[in-house]
Amino acid sequence: MGLDWMPREDGLKDHNRHGTQWWGTEAPCTVYEKRPLKDPKGNTVPGLYTAWIRLNNPAQYNSYTTEMVKGVIAGFENSSTDREVVATIFTATGPYSFCTGGNTKEYSEYYSKRPEEYGSYMELFNNMVDSILMCKKPVICRVNGMRVAGGQEIGTACDLTLTSDLAIFGQAGPRHGSAPVGGASDFLPSFFSIEDAMWSCISCETWSAYKMWWKGLLTKAFPVLKDDKGKWVRNPQIITDKWIEDGAIVYGEFKPGEELKGARAWVQEKQKNNDYDFSLMDAEIDRIVWTYANLFPGCLMKSIDGIRQKKKFFWDTMKNDHRYWLAVNMMGEAFAGFGAFNTKKITGADTIDFIKNRQLIAEGVLNNEAYFEQILGKPQAK
């Protein structure tokens, strides 16, 4: 007899939160696609997939517009509930940038001096980070190029990071009118020593993939360029052939002087000609996803969420408070900082006059238009 007598409902429920309206193919947009799972021999596994969420705005270094943020949220929330998806891959278009954060043009031209509007935008941003941390699939950040500012923050929300060895990493807020409180100040102390986290947050220095690897920020860095004989070449701009020099750690540091200049020219020529290859990184992503596929999914996600919770604790504690400060900041330092960056082609400078700014502060000058005129660059003669 069994339990055939119990009433049951057949069929599958649709748990997707979103349709396809937030995704696209033409930049700027967020691209969402499902790719078949492959076994170690490259064979397609029927009925199982990886979900790929791709930031597609290469002309602006894959900075995310307001609409793109909605696409990222939709991608993570839908992949989270998709029964067919084994893992979610977060990446971007092209060889230059994973993401440089929020779209500075939007920040400067629309959101600055509109604090309530920026507060609403930050609600979306917070939802984007939440969607990564709450995704019920393992999340791999596939870093195809520089990951800085807000791009670093959404990247560190992911579970693993695999990167092109041409990528650089860092924050930009205090130099351009904001603070790295969209995740970096919460997440980086989990990756670094407290002093490395401090310096990375405030200095606006960018560190190489190899330096970030040995400091613990990412899983692995992969060469993406080859020489004329087809041999893989590790990023020639970076010291990777020795650990110590004169008693100091030099592995992962940029090479000096003319050596760096020559290496940079070679790299840029390769990138310009689209002569790059992410296959080593993608093969490792396939290997990791296959490992995930051969684990109990419930036990896997319980384990991942147990680790994520440490990041979520500080993020959830601070995210709402940060939103209000970021909104108000759009009336002052953010207006000046994002404005300077956005008008570089007009003034020739992408930052304010920091010393003049501090001198005006010391004099107690009002933050009015005359104040900003003194610290921002001037239009150059055409």
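Data block above holds the structure.
In this report, the structure presented in the accompanying data block is examined. (Residues numbered from 1 in each chain as written. Predicted model: local features only at pLDDT ≥ 70, side-chain atom pairs only at ≥ 80, totals over all residues. Heavy atoms only, no water.)

### Description of helix α6 (residues 184–191)
Looking only at α6, the buried set comprises Ala184, Asp186, Phe187 and Leu188. Where α6 is buried, its residues touch α3 (115–133), α4 (150–156), α7 (194–203) and α11 (297–329). (Buried < 20%, exposed > 50% of the residue type's maximum accessible area, 1.4 Å probe, protein only. Helix = DSSP H or I, 4+ residues; strand = E, 2+ residues; numbered from the N terminus. Contact = heavy atoms within 4.5 Å.)

### Points about the layout of surface pockets
In this structure, the second largest pocket encloses a volume near 360 Å³. Lining of the second largest pocket is provided by 23 residues; of these, Pro174, Glu333, Ile352, Phe354 and Asn357 occupy positions nearest its centre. Contributions of two or more residues to the lining of the second largest pocket are made by α5 (173–176), α11, α12 (333–342), α14 (354–362) and α15 (369–375). Counted by class, the lining of the second largest pocket contains ten nonpolar, nine polar and four charged residues. (1 Å grid on protein atoms, 1.4 Å probe; cavity = no way out; pocket = protein on both sides within 12 Å on 5 of 7 lines; lining within 4 Å. Points joined across faces, edges and corners; volume = space filled by probe spheres on them. Nonpolar A, V, L, I, M, F, W, Y, C, P; charged D, E, K, R; others polar.)

### Quick word on the nonpolar core
Leu55, Tyr64, Phe90, Phe98 and Ile154 are the most contacted members of the largest nonpolar core, which has 57 residues in total. For this core, the leading source of residues is α3, giving eight residues. (Core = buried A, V, L, I, M, F, W, Y, C linked by side-chain atoms within 4.5 Å.)

### Quick notes on the packing of α6 against α7
Axis separation between α6 and α7 bottoms out at 8 Å; the angle between their running directions is 145°. For α6 against α7, the interelement crossing comes out right-handed. For the pair formed by α6 and α7, the contact residues are Ala184, Ser185, Leu188 and Pro189 on the first element and Ile194, Ala197, Ser200 and Cys201 on the second. For the contact of α6 with α7, the per-class residue count stands at six nonpolar, two polar and no charged. (Axes fitted to C-alpha atoms, helices over the stretch in contact; angles between N-to-C directions. Left-handed = near helix turned anticlockwise from the far one by under 90°.)

### Re the pairing of strand β2 (residues 44–56)
Across nine bridges, strand β1 (residues 29–38) lies against β2 in antiparallel orientation. Following the sheet pairing, tyrosine 32 is matched in β2 by isoleucine 53. Judged from the seven bridges that link them, β2 and strand β3 (residues 85–92) form a sheet pairing that is parallel. Bridging from a neighbouring strand, arginine 54 pairs with threonine 91 of β3. Handedness of the crossover is the feature at issue here: the chain leaves β2, passes through helix α1 (residues 66–81), returns alongside β3, and the resulting connection is right-handed. (Pairing = 2+ DSSP bridges. Right-handed = clockwise from strand over helix to strand, strands pointing away.)

Such coordinate-based values are descriptive only and should not be taken to indicate function.
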